[in-house]
Amino acid sequence: MKTIHIQELNKTFTDREELFKALKDNEQKIISLKKATVYKSAEKGQFASGSLNASEIKSNYDWMKKGYFYPIVNTTNYRDSHGDVHFPALWNKTIKEQSGRIHYVLDHELKVGSVIAWPDNVGLMLKPIEWSAVGKDYPGTTEALILEVAESDIVNQDAKSVYSAKRSVQGSVRMSYVTIKLGINSDSKEYLENKSYYNSRINEIANRQEVEDAGYFFGIEEAKLIKESSMVLFGSNDATSIVYPVAVDDTKGDNNTPPLPSMDYEKLLKAKLFTT
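Residues numbered from 1 in each chain as written. Predicted model: local features only at pLDDT ≥ 70, side-chain atom pairs only at ≥ 80, totals over all residues. Heavy atoms only, no water.

Draft legend 1. Here's a closer look at the overall build of the protein. From N to C terminus, the protein includes seven helices and twelve strands. Within the protein, the proportion of its 276 residues that are buried is 51%. Taking the intrachain contacts of the protein between residues at least 6 apart in sequence as the baseline, contacts between residues at least 24 apart amount to 77%. For the protein, the accessible area works out to roughly 13000 Å², and carbon and sulfur atoms hold 46% of it. (Helix = DSSP H or I, 4+ residues; strand = E, 2+ residues; numbered from the N terminus. Buried < 20%, exposed > 50% of the residue type's maximum accessible area, 1.4 Å probe, protein only. Contact = heavy atoms within 4.5 Å. Areas by Shrake-Rupley, 256 points an atom, 1.4 Å probe, with all protein chains shown as cover.)

Draft legend 2. Structural detail: helix α5 (residues 192–201). Listed as buried for α5 are Asn-194, Lys-195, Tyr-197, Tyr-198 and Arg-201. For α5, the arc enclosing every buried residue in end-on projection is 165°, short of the 170-degree limit, so these residues lie on one face. Residues Leu-192 and Glu-193 are exposed on α5 and point more than 90 degrees away from its buried face. Looking at the buried side of α5, the elements it contacts are α1 (16–25), α2 (27–36), β10 (170–184), α6 (208–214) and β11 (216–232). (Arc of directions from axis to C-beta.)

Draft legend 3. The arrangement of the pattern of salt bridges in detail. Enumeration over the complete set of coordinates arrives at twelve salt bridges. Lys-11 is the salt-bridge partner of Glu-18, the closest N and O atoms lying 3.5 Å from each other. Two residues, Asp-25 and Lys-21, come together in a salt bridge whose shortest N-O distance is 2.7 Å. Note that Asp-25 and Lys-21 are positioned in helix α1 at a spacing of four residues, about one turn of the helix. Here the residues in one salt-bridge network are Glu-8, Lys-34 and Asp-84, joined through shared partners. (Salt bridge = Lys/Arg side-chain N within 4 Å of Asp/Glu carboxyl O.)

Draft legend 4. Up close: the packing of aromatic side chains. As enumerated under the stated definition, the model contains eleven aromatic pairs in all. Ring geometry for Tyr-39 and Tyr-177: centres 5.1 Å apart, planes at 35°, overall tilted. Here the residue Tyr-39 occupies a position in strand β3 (residues 39–40), and Tyr-177 occupies one in strand β10, the gap between them amounting to 138 residues. With respect to class, Tyr-39 is no different from Tyr-177; both count as buried. Grouping aromatic residues by their ring pairs yields a cluster made of Phe-87, Tyr-197, Tyr-198 and Phe-217. Cation over ring: Lys-34 sits above Phe-218, and NZ or CZ is 4.8 Å from the ring centre. (Phe/Tyr/Trp six-rings, centres within 6.5 Å; stacked < 30°, edge-to-face > 60°. Lys NZ or Arg CZ within 6 Å of the ring centre and 35° of its normal.)

Draft legend 5. Broad picture of the environment of Gly-215. If you trace the backbone, Gly-215 turns up in the loop between α6 and β11. Note: C-alpha distance between Gly-215 and Tyr-198 (17 residues apart in sequence) is 9.1 Å. With near-sequence residues (within four places) excluded, Gly-215 lies in contact with Arg-16, Phe-20, Gly-183, Ile-184, Asn-185 and Tyr-198.

Draft legend 6. Spotlight on a nonpolar patch on the surface. Together, Val-112, Trp-118 and Val-155 give the surface a local cluster of nonpolar side chains, amounting to about 300 Å² of exposed area. Looking at the secondary structure, you find Val-155 in the loop between β9 (141–150) and α4 (157–165). Of the residues examined, Val-155 reaches a relative accessible area of 48% and is grouped as partly exposed. (Patch = residues over 30% accessible without salt bridge, like charges linked within 9 Å, V, L, I, M, F, W, Y side chains within 5 Å.)

Draft legend 7. Molecular detail of the environment of Asp-107. Following the sequence through the fold, Asp-107 ends up in the loop between β6 (103–106) and β7 (115–117). Judged by its relative accessible area of 48%, Asp-107 is partly exposed. Along the sequence, Asp-107 and Ser-229 sit 122 residues apart, while their C-alpha atoms lie 8.8 Å from each other. With sequence-adjacent residues up to four places away left out, Asp-107 is seen in contact with Ser-230, Met-231, Val-232 and Leu-233.

Draft legend 8. Region of the structure containing unusual backbone geometry. For Asn-10, which is not a glycine, the phi torsion comes out positive at approximately 50°. Judged by its relative accessible area of 63%, Asn-10 falls in the exposed class.

Draft legend 9. Structural view of the nonpolar core. Core analysis: the largest hydrophobic core is formed by 44 residues, its most contacted members being Leu-23, Trp-91, Tyr-104, Tyr-163, Tyr-216 and Met-231. Judged by nonpolar contacts, the second largest core, of nine residues, contains Tyr-61, Met-64, Ala-144 and Ile-146. (Core = buried A, V, L, I, M, F, W, Y, C linked by side-chain atoms within 4.5 Å.)

Draft legend 10. Expanded view of the environment of Phe-13. Inspection of the secondary structure puts Phe-13 in strand β2 (residues 11–13). The exposure class assigned to Phe-13 is buried, which follows from its relative accessible area of 1%. Note: C-alpha distance between Phe-13 and Lys-2 (eleven residues apart in sequence) is 8.5 Å. Once you skip the residues sitting within four places of it in the chain, Phe-13 turns out to touch Met-1, Lys-2, Thr-3, Ile-4, Ile-6, Glu-18, Leu-19 and Ala-22.

Given below as structure tokens:
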């Protein structure tokens, strides 16, 4: 087993059975600490480098409207460097509760000069997006948390310059966790509940091999958005960029061919910027 550090215990493990015992003995304490933490997802190191690939998008994207841009600020089904996996539907409740309350800002700064768009002009949506469309070689889709902002509602000049040039910036959310479950891959009787949860979710995790190597994960079944989502230069998750629509009308026409986003991700193609 590779060396694994459990941040909440401030301890490093090299023995799997010792790791499992510590996780189980401290399960509720670890979960309590995770729930008490306000995370900025840009600090959780979810993915290695990559880029969005517009040519791989196969889903129907006719929900995109001309004159709007769509920052992707979070995705699901990937084990991050904290051992956490966001699962689909974790945002369902909070996007209803926080509609009209989330600022879109620069670098998680809640300052007047850092506001890109005010809450009444920031829409929240959940959409399935192919892994291949976000530069990942996995089958199936990830559920993306996406903002919808009209170009005319951008109040920050720096952000206007980014969008005008279609620069490859990233997205990040300020969040806290509500419902967390621990999955452990052990057949010992003391881990029956954890093993059952592990088995119920393991096939949904894109980087499954990493989970199998570690032998455990914390599944995030519900999370809350807190005050803002951000444009950041380098996000935790390189599948959190901005989707720029090409020429999509506000009303649907007779053409059944779904429009494809037009994106510029030159920076991410030139450098490997993310590690786990």
